[in-house]
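# Structural description and commentary
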Amino acid sequence: MFAYINLLYLLIAVGSASPIVYPRTTNDTNPFVFTNSNGLNFTQMNATLPNVTIFATGGTIAGSSSSTTATTGYTSGAVGILTLIDAVPAILNISNVAGVQISNVGSEDVTSTLLLKMAKQINEFVCGDPTMAGAVVTHGTDVLEETAFFLDATVNCGKPVIIVGAMRPSTAISADGPYNLLEAVTVAASPLAKDRGAMVVMNDRIVSAYYVTKTNANTLDTFKAIEMGNLGELISDTPYFFYPPVKPTGKKAYSIANVTSIPRVDILFAYEDMHNDTLYNAVLSGAKGIVIAGAGAGGVSTSFNYAIEDVINNYGIPIVQSTRAMSGEVPTSDISTDSALHIASGYLNPMKSRVLLGILLAHNKNMTQIAKAFAGSTDD
Ligand code: SIN
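Conventions we followed
Residues numbered from 1 in each chain as written. Predicted model: local features only at pLDDT ≥ 70, side-chain atom pairs only at ≥ 80, totals over all residues. Heavy atoms only, no water. Helix = DSSP H or I, 4+ residues; strand = E, 2+ residues; numbered from the N terminus. Buried < 20%, exposed > 50% of the residue type's maximum accessible area, 1.4 Å probe, protein only. Pairing = 2+ DSSP bridges. Right-handed = clockwise from strand over helix to strand, strands pointing away. UniProt positions renumbered as here; feature names shortened; annotations may be inferred. Contact = heavy atoms within 4.5 Å. Core = buried A, V, L, I, M, F, W, Y, C linked by side-chain atoms within 4.5 Å. Domains from an automatic or database assignment. Near = heavy atom within 4 Å. Polar contact = N/O pair within 3.5 Å; in protein donor to acceptor, adjacent residues only side chain to side chain. Areas by Shrake-Rupley, 256 points an atom, 1.4 Å probe, with all protein chains shown as cover. Nonpolar A, V, L, I, M, F, W, Y, C, P; charged D, E, K, R; others polar. Lys, Arg positive; Asp, Glu negative; His and termini not counted. Salt bridge = Lys/Arg side-chain N within 4 Å of Asp/Glu carboxyl O.

## Structural notes on the environment of proline 178
Within the fold, proline 178 resides in helix H6 (residues 177–189). Each C-alpha atom, one on proline 178 and one on alanine 62, is 10.0 Å from the other, the two residues being 116 residues apart in sequence.

## What about the pairing of strand E6 (residues 161–164)?
Alternating positions in E6 separate into two faces, Val161 and Ile163 on one and Ile162 and Val164 on the other, with burial throughout. As paired strands, strand E5 (residues 132–138) and E6 are joined by 4 bridges and run parallel to one another. Residue valine 136 lies in a different strand from E6, and its bridge partner there is isoleucine 162. Tracing the backbone out of E5, into helix H5 (residues 144–154) and back to the parallel element E6 gives a crossover that is right-handed.

## Some points on the UniProt feature "active site" (unreviewed entry) in the protein chain
Under the feature "active site" (unreviewed entry), the UniProt entry names Thr60. Within the fold, threonine 60 resides in the loop between strand E3 (51–56) and helix H2 (81–86). Judged by relative accessible area, which is 6%, threonine 60 ranks as buried. The contacts of threonine 60, once residues within four sequence positions are left out, are Tyr74, Ser76, Gly140, Ala166, Met167, Arg168, Pro169 and Ser170.

## A short note on the pairing of strand E8 (residues 205–208)
Examined bridge by bridge, strand E7 (residues 198–202) and E8 share 4 bridges and lie antiparallel to one another. Across the sheet, residue valine 201 finds its bridge partner in E8, namely isoleucine 206. Connecting E7 to the next strand, E8, in antiparallel fashion are 2 residues, including asparagine 203 with a positive phi near 55°.

## Focus: the nonpolar core
With 89 residues, the main nonpolar core has Val136, Phe150 and Leu151 as its most contacted residues. Of the residues forming this core, the biggest block, 8 residues, is contributed by helix H4 (residues 112–127). Each of domain 1 (2–241) and domain 2 (265–375) gives at least three residues to this core.

## A look at the site of the ligand
Close to the ligand lie Gly59, Thr60, Ser76, Gly106, Ser107, Gly140, Thr141, Asp142 and Ala166, which account for all nearby residues. In this structure, serine 107 approaches the ligand through a side-chain N or O atom, which is 2.5 Å from an oxygen atom. Between the ligand and aspartate 142 there is a distance of 3.0 Å, counted from an oxygen atom to a backbone nitrogen or oxygen. In isolation the ligand exposes 250 Å². Once the protein is present, 93% of that is buried. Classifying every residue of the shell around the ligand by side-chain character gives 1 nonpolar, 7 polar and 1 charged.

## Looking at the environment of asparagine 203
The topology assignment puts asparagine 203 in the loop between E7 and E8. Residue classification places asparagine 203 among the partly exposed positions, given a relative accessible area of 22%. Not counting residues within four places of it along the chain, the set of residues in contact with asparagine 203 comprises Asn180, Glu183, Leu220 and Asp221.

## Looking at the side chain of glutamate 183
Here glutamate 183 shows up in helix H6. An unpaired buried charge is present at glutamate 183: no salt bridge exists, and arginine 205, the closest side chain of opposite charge, is 8.7 Å distant. For glutamate 183, the side chain forms a polar contact with the main-chain nitrogen of aspartate 204, separated by 3.1 Å. If we skip the residues at most four places from it in the chain, glutamate 183 touches Val201, Asn203, Asp204, Leu234 and Asp237.

This is how it looks when you write it as structure tokens:
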């Protein structure tokens, strides 16, 4: 075991020939050389390099399988943050890194409590510390876009927040996690990445967290902003941004310093012959806001539309109409009537609409204020 660890550290030193790699202790219990004032442990502290903190949550990037060819049926969130960092010695050429293990779960188990913890820690450990350049969050890909959107809305200090995952578990042949992690740290450490909000970096692409969505359940090239495109890409681990820093239209920043919980928001998927009781069931189950993944530009049946108006007017519950289509807009003009305050999601998909509605409810926004917050994302 000790011979293996020594070999690993020797490989790290060889792989990072140019920066200074300070000697690390040769046992598993104390691999750190520097602890900062927030108690973050760095595995290297080279004064010529920027500092990045990696917040690990689990997912396939930390997944493990007994088969090197399995890309399904493996265990998500099985490998710890130090192992992930140690698997990519080239990271130490780019930055000093500290790892924070927020959780080690499949992303379906990420809760709003975990999201709040993550955003608060990034605000404190990265935004609040002038010595930190940026943050990386390792995450399962399935609901990664929701976490990315939440962090984009709630961490707003101009430092890059990069969300990264992998489509193949760490034990697979040609696992994508290590290179994705290297690229994520590279972008987080780059001055070019400042003032661009949160970004998803995977498969050589840099995509805005505000717009990105998972477009394919299996393939590596899954994260895209279909209409809006990529902010940039990486070639040979060098980031190239296509545009100067720019804010997505309609994006607003929210402080979560005093937020202790996010109210429940349910998403209802529209389909032919949809029954109105699905809506009332959500209300009776405790939803404080509802998002409809409507057909086309937010469409629901005539009868379901009456049910929506009943819930808005008589239960005081905001309902945002989004689309079940992969891309496109729900404009206000498509869903408005005179008898209730319908809220159109604009260009926000149902998952992002749910996150935004939860944040707005956590800030005790009323129905009109909620409609106004969404209006920035629509063109009418
Ligand atoms: C997950 O989302 O945790 C599992 C799938 C993945 O990370 O790709």
